[in-house]
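The lines below spell out each chain.
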Amino acid sequence: MITLGHYLVVSGMLFALGLAGVIARRNILIIYMCLEMMLSAANLALVGFSRFHLVNGLPDYTAQSLVFFTITVAAAEVAVGLAIIVALFRSKQSVETEVITKLQG
Amino acid sequence: MRLPPLALARIIGLPVCFLTWGVLHQPRPSFIIRIPTFPRMPPLLFYLLAAITLGFGLMVITARNPVTSALSLASCFVGLAALFVSLDAYFIGTIQILVYAGAVMVLFLFIIMLLDIKAEEGKQPNLAAIVSGVVVAVLLVTQIMTVVGHTKLAEQTPQNTPLVLNKETTFEIAKFGGPALPTITKDIEAGTLPDAKLIGFTLFNQYGFHIQVVGLLLLVGTVGVVVLSKREKTPGGAA
C-alpha cells in the first residue's frame, strides 16, 4: 500500500541527494543541476500534499498552482544562472568553484 | 565498451513512459463508474519509478562527465514526472517533462557544448566536502523519515482519500469561486478529472496578479541574460 509517507520519503531523499551534490561537487554546472533536483523534490512533496488534501472531493489546486510558479521561477533562474556561468568562464577559463577566490580577501 | 549515456537514457526512458501510461490507463468497462484515481496502481510500479528517480539522481552527483550528469538529470525528471502522474497531477507531470526534461536540459547541454567542459580527469576529489555532503544528506533523510513515521497525515492512501467526482462536486465548485464553467462541469459529471482546466481555473480566478508578476519575472530574466552574455566593447576588458 502506497501512502503519502512514501512520496514524502522519496521527495526527501531526492532533496538530500541534491544537497549532497551541492556540498560535494566542484563543477558549478553540476551544482546547478543539483539545485534543480532540490526544487523538483520540493515540487513532489507539494503535489503529494495536494493529492491527499481534498477540497470538495478534488485535489487542492492551490498547491499545484504553487508548483506551476516554482517551475516557472526555476526556469528563469536556470537561464540567468547559466548566463552568469558563461560570463564566469570567459573571465576565468574554468567552471570550478576553486578558481573563484576574489572575495576571499 | 560502455553504452553512451544518450542511448542509455533513450533505452530506459521511452519504455518507462509507455509502461507507465499503459499501466495507469487500462481500459475499464463502461458500466463501472470511472474514477480516475489509481486503486489498482501496483506498489511495484511506485517502487520502480522511485528507483529510477533516485538512481539517476545519484548518477547526477557521482558522474565525472558533465554530459552524463545532464542526461541522468533528464532521466531523473522523467521518473519524477511519472510520479506526478501517479498522483493525479497530469498537467504538472506534462510541464515537468516539457520544461525540465525539454527546455532546461537542452540549455544545460548547450552550455556544456559551448564551454567545451571536459570530464574531471585525474583530479583528486575533495574528500572533506564529500564526507560532509554525505553526512548532511544522511542526517536530513533520517530526520525526514522519523517525522514522516510519526505523522498521522502520512498514512493516507489513495484508497482512503478517493476523489469525489459527481454532481455534488460540481455544485461545490460553483459555490467555491465564480461561475462553474460548463466544460469543467461536464468533465466532472462524466467522472473524469479535468486537471488542466481546474489548474487554469484556480490560476486565473485566484492568482491573476501573481501570473502577471511571473510574466514580468520572465521578461526581466530574458533581458538580464542578454545583458550578461553581451561582450564588453573595451579590448581586454573583464567581460
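Residues numbered from 1 in each chain as written. Chains lettered and ligands numbered in written order. Predicted model: local features only at pLDDT ≥ 70, side-chain atom pairs only at ≥ 80, totals over all residues. Heavy atoms only, no water.

Here we take up the overall build of chain B. In terms of helices and strands, chain B carries nine helices and zero strands. Ordered by position from the N terminus, the helices and strands of chain B form the series α-α-α-α-α-α-α-α-α. The buried share among the 239 residues of chain B stands at 37%. Total accessible area on chain B is roughly 14100 Å²; 72% of this is exposed by carbon and sulfur atoms. (Helix = DSSP H or I, 4+ residues; strand = E, 2+ residues; numbered from the N terminus. Buried < 20%, exposed > 50% of the residue type's maximum accessible area, 1.4 Å probe, protein only. Areas by Shrake-Rupley, 256 points an atom, 1.4 Å probe, with all protein chains shown as cover.)

Moving on, we get to the interface of chain A and chain B. Contacts between the two partners involve 72 residues from chain A, matched on the other side by 93 residues from chain B. Taking both partners together, chain A and chain B bury about 7300 Å²; carbon and sulfur atoms supply 77% of that area. Notably, a salt bridge pairs A:Arg51 with B:Asp88, separated by 2.7 Å at the nearest N-O pair. Scanning the region where chain A abuts chain B turns up ten residue pairs in polar contact (both at pLDDT 80 or more). When residues of the side of chain A that touches chain B are traced back to their parent elements, those giving at least two are α1 (4-24), α2 (28-52) and α3 (61-92) of chain A. A per-element tally of the side of chain A that touches chain B places α3(A) first, with 25 residues. Its residues placed into classes, the side of chain A that touches chain B shows 50 nonpolar, 16 polar and six charged. (Contact = heavy atoms within 4.5 Å. Buried area = accessible area lost by both parts, 1.4 Å probe. Salt bridge = Lys/Arg side-chain N within 4 Å of Asp/Glu carboxyl O. Polar contact = N/O pair within 3.5 Å; in protein donor to acceptor, adjacent residues only side chain to side chain. Nonpolar A, V, L, I, M, F, W, Y, C, P; charged D, E, K, R; others polar.)

The share of residues in chain B with pLDDT of 70 or more is 73%, and the mean pLDDT across the chain is 81. Below a pLDDT of 50 lies the segment residues 28-35 of chain B, which in the model reaches seven contacts outside its immediate sequence neighbourhood of four places, other chains included. (pLDDT = per-residue confidence, 0-100.)

Residues and elements named next belong to chain B. Applying the stated criterion across every chain, the model contains four salt bridges over all chains. Note that Lys197 and Asp187 form a salt bridge whose closest N and O atoms lie 2.6 Å from each other. Taken together, the positions of Lys197 in helix α8 (residues 195-206) and Asp187 in helix α7 (residues 182-189) put the pair ten residues apart, joining distant regions of the chain. For Lys197, a relative accessible area of 36% puts it in the partly exposed group.

Okay, the state of the cysteines next. Enumeration over the complete set of coordinates arrives at zero disulfides over all chains. A:Cys34 supplies the cysteine sulfur nearest to B:Cys76, a cysteine that is in no disulfide, at a spacing of 9.9 Å. Taking relative accessible area as the criterion, B:Cys76 reaches 0% and is therefore assigned buried. (Disulfide = S-S within 2.5 Å.)

Looking now at the side chain of A:Ser40. Counting through the fold element by element, A:Ser40 comes out in helix α2. Since its relative accessible area comes to 0%, A:Ser40 is described here as buried. Once residues lying within four places of it in the same chain are set aside, the contact partners of A:Ser40 are B:Phe77, B:Leu80, B:Phe84, B:Gln96 and B:Tyr100.

What follows is about unusual backbone geometry. One non-glycine residue, A:Gln93, lies in the positive phi region at around 60 degrees. Along the chain, the position of A:Gln93 falls in the segment after α3. Phi is positive for B:Asp88, which is not a glycine, with a value near 65 degrees. The residue B:Asp88 is located in the loop between α3 (66-86) and α4 (90-115) in this model. Judged by relative accessible area, B:Asp88 falls into the buried class, the value being 2%.

So, about α3(A). Three or four residues apart is the spacing at which side chains of an α-helix point the same way, because the helix has 3.6 residues per turn. Residue and element names in this part refer to chain A. The terminal C-alpha atoms of α3 lie 45 Å apart, and with 32 residues this matches the ideal 46 Å at 1.5 Å per residue to within 8%. Capping of α3 at its N-terminal end is provided by Asp60; its side-chain oxygen lies 3.1 Å from the backbone amide nitrogen of Thr62. Directly beyond the C-terminal end of α3, a positive phi value near 60 degrees is found at Gln93. (Expected span 1.5 Å × (residues − 1).)

Judged by nonpolar contacts, the single largest core of 82 residues is most densely connected at A:Tyr7 and B:Phe108. By residue number, the principal contributor to this core is α2(A), which donates twelve residues. A domain split of this core shows at least three residues from each of domain 1 (1-120) and domain 2 (164-225) of chain B. If near-sequence neighbours (up to four positions away) are discounted, A:Tyr7 is found in contact with A:Ile2, A:Leu44, A:Phe52, B:Met41, B:Phe46, B:Leu83, B:Ser86 and B:Leu87. (Core = buried A, V, L, I, M, F, W, Y, C linked by side-chain atoms within 4.5 Å. Domains from an automatic or database assignment.)

The next subject is a nonpolar patch on the surface. A contiguous nonpolar surface patch, about 480 Å² in accessible area, is contributed by B:Leu216, B:Leu219, B:Val220, B:Val223 and B:Val227. Within the element layout of this structure, B:Leu219 appears in helix α9 (residues 208-229). (Patch = residues over 30% accessible without salt bridge, like charges linked within 9 Å, V, L, I, M, F, W, Y side chains within 5 Å.)

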